[in-house]
Amino acid sequence: QVHVVESGGGLVQPGGSLRLSCAASGFTFSSYFMSWVRQAPGKGLEWVSDINGNGGSTYYADSVKGRFTISRDNAKNTVYLQMNSLKPEDTAVYSCSANLRTGTYWGQGTQVTVSS
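Remember, predicted model here, so these are calculated numbers, not experimental data.

**Observations regarding the pairing of strand β5 (residues 45-51)**
As paired elements, strand β4 (residues 34-39) and β5 share six bridges and run antiparallel to each other. Each bridged residue has a counterpart across the sheet, and for W36 the counterpart in β5 is S49. Connecting the antiparallel pair β4 and β5 is a turn made up of five residues, with G42 showing a positive phi of about 75°. Taken together, β5 and the strand that follows it, strand β6 (residues 58-60), pair antiparallel across an intervening segment of six residues, in which G55 is found at a positive phi of about 80°.

Structure (structure tokens):
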């Protein structure tokens, strides 16, 4: 059974940093793309970043490029999102997904609030 669990959210001041983690299980982690998406209050789902199975290729939305870094540790079945220079508009629930042949599996999300 596939499980995806995010952690690391919280309240941070503008300009600050947070690192989100996403622990996955129930599939061969290193074989699959992983993604981060976010949903701000009252808005639709926004794709944030992707990483391929070996971590050698990463992709970012223009809104976070240069500020966020996605990475993965396949020995720990975990993907990370390092978020720097955070802005109030980054406030959202951040969710991780495993993009498998059988479908896309989501975690419950973690709240990130950027406010002074």
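That covers the picture; the talk isn't over yet.
**Re the packing of aromatic side chains**
Geometry of an aromatic ring pair is reported as the spacing of the ring centres plus the angle between the planes. Evaluated as defined, the whole model comprises three aromatic pairs. Residues F27 and F29 carry aromatic rings whose centres are separated by 6.1 Å and whose planes lie at 45° to one another, so their mutual orientation is tilted. When its relative accessible area of 2% is taken as the criterion, F29 is described as buried. For the pair F33 and Y59, a centre-to-centre distance of 6.3 Å together with 25° between the ring planes defines the contact as stacked. A residue pair is termed long-range when its members are at least 10 positions apart, and F33 in the loop between β3 (18-25) and β4 and Y59 in strand β6 qualify at 26 residues. Judged by relative accessible area, which is 35%, F33 ranks as partly exposed. Judged by its relative accessible area of 40%, Y59 falls in the partly exposed class. In this structure an aromatic cluster arises from ring pairing among F27, F29 and Y32. Sitting above the plane of the F29 ring, R72 keeps its charged end 4.3 Å from the centroid.

**What to know about the pattern of salt bridges**
Considering all chains together, one arrives at four salt bridges under this definition. With its nearest N and O atoms 2.9 Å apart, the salt bridge here joins R38 to D90. With a gap of 52 residues between them, R38 in strand β4 and D90 in the loop between β8 (78-83) and β9 (92-100) connect regions that are remote in the sequence. D90 gets classed as buried once you look at its relative accessible area, which sits at 0%. The salt bridge partner of R67 is D90, with a shortest N-O separation of 2.7 Å.

**Things to note about the state of the cysteines**
Here the structure, examined in full by the defined rule, presents one disulfide. Disulfide pairing is shown between C22 and C96; the S-S distance is 2.1 Å. Looking along the S-S bond of the C22-C96 disulfide, the torsion reads about -80°, which is the left-handed sense. A residue pair is termed long-range when its members are at least 10 positions apart, and C22 in strand β3 and C96 in strand β9 qualify at 74 residues. The buried category is assigned to C22, whose relative accessible area is 0%.

About the cut-offs
- Residues numbered from 1 in each chain as written.
- Predicted model: local features only at pLDDT ≥ 70, side-chain atom pairs only at ≥ 80, totals over all residues.
- Heavy atoms only, no water.
- Pairing = 2+ DSSP bridges.
- Helix = DSSP H or I, 4+ residues; strand = E, 2+ residues; numbered from the N terminus.
- Phe/Tyr/Trp six-rings, centres within 6.5 Å; stacked < 30°, edge-to-face > 60°.
- Buried < 20%, exposed > 50% of the residue type's maximum accessible area, 1.4 Å probe, protein only.
- Lys NZ or Arg CZ within 6 Å of the ring centre and 35° of its normal.
- Salt bridge = Lys/Arg side-chain N within 4 Å of Asp/Glu carboxyl O.
- Disulfide = S-S within 2.5 Å.

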